[in-house]
Amino acid sequence: MKRSVAIHLSWALAACQGAQTPLDPAGDQSQNLFSLFQLMLWVCGVAYALVLLFLAWAIWRARHVAGRIDPAIEPGDRLIGRSLWAWAALVLMGLVILTTGSFLADWALSRGERAAALDIRITGHQWWWRIEYRDPAGGWIETANELHLPEGGTARVLLGSADVIHSFWVPNVAGKMDVIPGKPNMLALTPRRVGWFRGQCAEFCGSQHALMAFDVKVETPAQFADWLARQKAVAMPPSDPALRRAQQLVTEGVCAGCHRLRGTPAAGRAGPDLTHLASRRMIAAGTLPMTRGAIQGWIAQPRALKPGTMMPPVPLSAADADAVSRYLVSLK
Ligand code: CUA
């Protein structure tokens, strides 16, 4: 019995930690919102406890004292009058604390946007995320479904949608922001803890809304600079002749209609950029792990794995499927 209570308690506490929770803040913006949440919890908790306390007192009084007091309470009863004033003052104080807290939290959130040192453009698609980093040397460096952020730096994320309304949410780092077609929104992210976190589309956007996730990796500024430099590089031609044939299949065949591989003829824009596909942890927006088997399965039967996906099945011979998946996992 004692043990099961301990297990339940540890589950309850474990629910406050993890890669996708606003209760374990790892960034300035989420810390801000978490503090506001705690303030609201305390103010409302105290008000709730007081209401219950007075209710219990009234019930007790009705049972034990009711017969002994005069039922006709005068409207001018001074004690009641004073208690009502005290209660009204208490409610007003609570509301002033909550309003001031929300104002300060809002103000701190907008300050982050102005302090940003890094510009990122994120576009929601049914059902994946296009992610582009502004290159200090000009232009944009593109990837998908995996957001890297430098610890302690502020990124200004410009959010847009290619189709319907989505919502961008990395609960450990910041609050939610709607992603609306035709109306760019801005969100500042200042992560303070190195590690992997998980983001999720938080607005119903069609059948695969739940599989519109993304990984977020917060790393040291030096690691981030390395990562960005690697993402900027073009896809290297493979030295293995079997992989060279696979590269030709991918970059000159049907895949190239939708995907781009920088440094090759593949320049499609409908789907995710595959230049450094294998540097990412997951494929298909958090649907499958980045393994050769998953890639091969995804190419053959994407609609069995993620019904409704825009990615069409690509029939390949067994030998070609094998070579193509080997080539794709070599794209680090
Ligand atoms: Cu995109 Cu839900």
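Heads up: the structure comes first, above all this text.
About the thresholds
- Residues numbered from 1 in each chain as written.
- Predicted model: local features only at pLDDT ≥ 70, side-chain atom pairs only at ≥ 80, totals over all residues.
- Heavy atoms only, no water.
- Helix = DSSP H or I, 4+ residues; strand = E, 2+ residues; numbered from the N terminus.
- Rg over C-alpha atoms; globule rule 2.2 N^0.38 Å.
- Contact = heavy atoms within 4.5 Å.
- Areas by Shrake-Rupley, 256 points an atom, 1.4 Å probe, with all protein chains shown as cover.
- Lys, Arg positive; Asp, Glu negative; His and termini not counted.
- Charge placed at Lys NZ, Arg CZ, Asp CG, Glu CD.
- Core = buried A, V, L, I, M, F, W, Y, C linked by side-chain atoms within 4.5 Å.
- Buried < 20%, exposed > 50% of the residue type's maximum accessible area, 1.4 Å probe, protein only.
- Salt bridge = Lys/Arg side-chain N within 4 Å of Asp/Glu carboxyl O.
- Polar contact = N/O pair within 3.5 Å; in protein donor to acceptor, adjacent residues only side chain to side chain.
- Axes fitted to C-alpha atoms, helices over the stretch in contact; angles between N-to-C directions.
- Parallel < 35°, antiparallel > 145°, perpendicular 65-115°, else oblique.
- Phe/Tyr/Trp six-rings, centres within 6.5 Å; stacked < 30°, edge-to-face > 60°.
- Lys NZ or Arg CZ within 6 Å of the ring centre and 35° of its normal.
- Expected span 1.5 Å × (residues − 1).

A. View of the overall build of the protein. Of regular secondary structure, the protein possesses 8 helices and 12 strands. For a compact globule of 332 residues, the expected C-alpha radius of gyration is about 20 Å, and the protein comes in at 28 Å, more than 25% above that figure. When contacts within the protein are restricted to residue pairs at least 6 apart in sequence, long-range pairs at least 24 apart make up 61% of them. Carbon and sulfur atoms make up 66% of the accessible area of the protein, which amounts to about 18,200 Å² in all. If you average the places of the 33 positive and of the 24 negative side-chain charges in the protein, the two averages end up 4 Å apart.

B. Quick peek at the nonpolar core. Of all hydrophobic cores here, the largest spans 31 residues; its most connected members are I120, I122, W129, Y133, L147, F168 and L189. Of all the secondary structure elements, the ones that give two or more residues to this core are β1 (118–125), β2 (128–134), β4 (146–150), β5 (155–161), β8 (185–189), β9 (195–201), β10 (213–219) and α4 (221–232). One finds A235, I295, W298 and I299 within the second-largest nonpolar core, a separate group that totals 25 residues.

C. Representation of the pattern of salt bridges in the model. What the rule picks out here adds up to 16 salt bridges. Put simply, R121 and E132 hold a salt bridge, and the shortest N to O gap is 3.1 Å. Here R121 is found in strand β1, whereas its partner E132 is found in strand β2, with 11 residues between them in sequence. Exposure remark for R121: the relative accessible area of 28% places this residue in the partly exposed category.

D. Geometry of the environment of R281. Tracing the sequence through the fold places R281 in the loop between α5 (241–252) and β11 (282–283). Overall, R281 belongs to the partly exposed group, its relative accessible area being 39%. Spatially, the C-alpha atom of R281 lies 21 Å from that of R269, the residues being 12 residues apart in sequence. Every residue in contact with R281, bar those within four places of it in the chain, is listed here: E146, W196, D215, P289 and M290. Reaching out from R281, the side chain makes a polar contact with the side chain of D215 at a distance of 3.3 Å.

E. Seen up close, the packing of helix α2 (residues 28–64) against helix α3 (residues 78–114). Where α2 meets α3, the closest approach of the two axes is 9 Å, and the angle between their N-to-C directions is 170°. Classified by the angle between their axes, α2 and α3 sit roughly antiparallel to one another. Together, Q29, N32, L33, L36, L39, M40, V43, C44, L50, V51 and F54 of α2 and W87, L90, G94, I97, L98, G101, S102, A105, A108 and L109 of α3 make up the contact between the two elements.

F. Region of interest: the packing of aromatic side chains. Counted under the stated rule, the structure contains 9 aromatic pairs. A ring pair is formed by F168 and F214, whose centres lie 5.0 Å apart and whose planes are at 20°; its orientation type is stacked. Of this pair, F168 sits in strand β6 (residues 166–169) while F214 sits in strand β10, and the two are 46 residues apart along the sequence. For the pair F168 and F214, one class covers both residues: buried. Members of the aromatic cluster, connected to one another through ring pairs, are F54, W57 and W87. The ring centre of W107 lies 4.9 Å from the NZ or CZ of R111, which sits over that ring. The residue whose ring lies beneath R281 is W196, and the NZ or CZ to ring-centre distance is 3.9 Å.

G. Inspection of α2 at higher detail. With 37 residues, α2 should cover 54 Å at 1.5 Å per step; its first-to-last C-alpha distance of 53 Å lies within 8% of that length. Listed as buried for α2 are Q29, S30, F34, L36 and V43. Buried residues belonging to α2 abut α3 and β8.

H. Expanded view of the environment of I141. Along the chain, I141 turns up in strand β3 (residues 140–144). For I141, a relative accessible area of 4% corresponds to the buried category. Along the sequence, I141 and G124 sit 17 residues apart, while their C-alpha atoms lie 17 Å from each other. Sequence-distant contacts of I141, defined by excluding residues within four places in its chain, comprise I131, E132, Y133, D135, L228, Q231 and K232.

Taken by themselves, the reported measurements are silent on function.
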